[in-house]
Amino acid sequence: MDPFQEILSRLTVAEKRIERLIRPGRITKVGSDFSEVSVGPGDPIRARKKSFAAGAVKLNITASESEPVTLFCPNGDARQAFYLPGDWTGENENPSEGPDELRLTVGKTSLLIKDGQILAEVDGKRFELTGSGIRTVGNVDLDEGYVKNNGVTIDETHTHGGIAEGPARTLTPK
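The structure presented is a predicted model; accordingly, all values stated were derived computationally and were not measured.

J.: Please clarify how the nonpolar core should be interpreted in this entry.
T.: Soluble globular proteins tend to bury their nonpolar side chains together. Core analysis: the largest hydrophobic core is formed by 13 residues, its most contacted members being Ile27, Val37, Ile45, Ala47, Leu71, Ala81 and Tyr83. Within the residue set of this core, elements represented by two or more residues are strand E1 (22-30), strand E2 (36-40), strand E3 (45-49) and strand E6 (68-72). Apart from the residues lying within four places of it in its own chain, the contact partners of Leu71 are Leu21, Ile22, Arg23, Val39, Ile45, Ala47, Ala81, Phe82 and Tyr83.

J.: How should I be thinking about unusual backbone geometry in this particular structure?
T.: What you tend to see is this: most non-glycine residues have negative phi, and most peptide bonds are trans. With phi around 75 degrees, Ser66 is a residue other than glycine that occupies positive phi space. Relative to the elements of secondary structure, Ser66 occurs in the loop between strand E5 (58-59) and E6. Phi at Asp123 is positive, roughly 50 degrees, even though this residue is not glycine.

J.: For this particular structure, what's the right way to read the sheet that holds strand E12 (residues 133-137)?
T.: Sheet strands associate in pairs through backbone hydrogen bonding, adopting either a parallel or an antiparallel arrangement. Across the sheet, which stays open at both edges, the 5 strands sit in the order E8-E9-E10-E11-E12 with antiparallel pairing between neighbours. Two strands in the sheet have a free side with no partner beyond their single neighbour: strand E8 (101-106) and E12. Direction aside, the axes of adjacent strands within the sheet are offset by 10 degrees on average. The pairing of strand E9 (residues 109-114) with strand E10 (residues 117-122) spans 6 bridges and is antiparallel.

J.: Just to check I follow, could you spell out the pairing of E2 for this structure?
T.: Successive side chains on a regular strand alternate, one facing one side of the sheet and the next facing the other. For E2, the tally of buried residues reaches 4 of 5 residues, placing the bulk of the element in the interior. Bridge analysis of E1 against E2 gives 4 bridges, and the strand direction is antiparallel. Bridge assignment links Lys29 to a residue of E2, and that residue is Ser38.

J.: Mind showing me how you'd approach the pattern of salt bridges here?
T.: Oppositely charged side chains may form a pair once their charged atoms are brought near each other. Counted under the stated rule, the structure contains 4 salt bridges. With a shortest N-O distance of 3.7 Å, Arg103 and Glu101 are connected by a salt bridge. Classification of Glu101 as buried rests on a relative accessible area of 15%. For Lys108, the salt bridge identified is with Asp123, shortest N-O distance 4.0 Å. Within this pair, whereas Lys108 is found in the loop between E8 and E9, its partner Asp123 is found in the loop between E10 and strand E11 (125-130), the two being separated by 15 residues in sequence. The exposed category is assigned to Lys108, whose relative accessible area is 63%.

What counts, and at which threshold
- Residues numbered from 1 in each chain as written.
- Predicted model: local features only at pLDDT ≥ 70, side-chain atom pairs only at ≥ 80, totals over all residues.
- Heavy atoms only, no water.
- Core = buried A, V, L, I, M, F, W, Y, C linked by side-chain atoms within 4.5 Å.
- Buried < 20%, exposed > 50% of the residue type's maximum accessible area, 1.4 Å probe, protein only.
- Helix = DSSP H or I, 4+ residues; strand = E, 2+ residues; numbered from the N terminus.
- Contact = heavy atoms within 4.5 Å.
- Pairing = 2+ DSSP bridges.
- Axes fitted to C-alpha atoms, helices over the stretch in contact; angles between N-to-C directions.
- Salt bridge = Lys/Arg side-chain N within 4 Å of Asp/Glu carboxyl O.

Shown next, in the form of structure tokens:
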């Protein structure tokens, strides 16, 4: 082989590897088991998801088409490719309102955790837990268990003594 052609060929291979080392892109296809995706632009590269946490705390976030990601190919070898989530975009803005909170959103559902507060919201209905108690907007249905207030259990066996049966009504609670 001509030495010039050999150098040119090796340079072309090296350029392709460098081009594939780290590149931003969007997911163009999600595999049926969600463990692999194809990332573009250009020739799509099949990549596996890099775990965020796989120890005592586990976190899995399922990929979606058109999601921005950053693709990493160690040594430029596309067979070893993995991706990490990309940055916020105009159509996918950061859901957090402050630097001291964790917010997870999926469609019309969100979970907010910050110092002294946990807030869950589903389609406008809210459940809030703070140091002062629990507050909810929406119905509360208990299928099992009970509510206890100052040692008094309120469940399906709860009764009120000293009440006259019939149309009589109790006084307004105080």
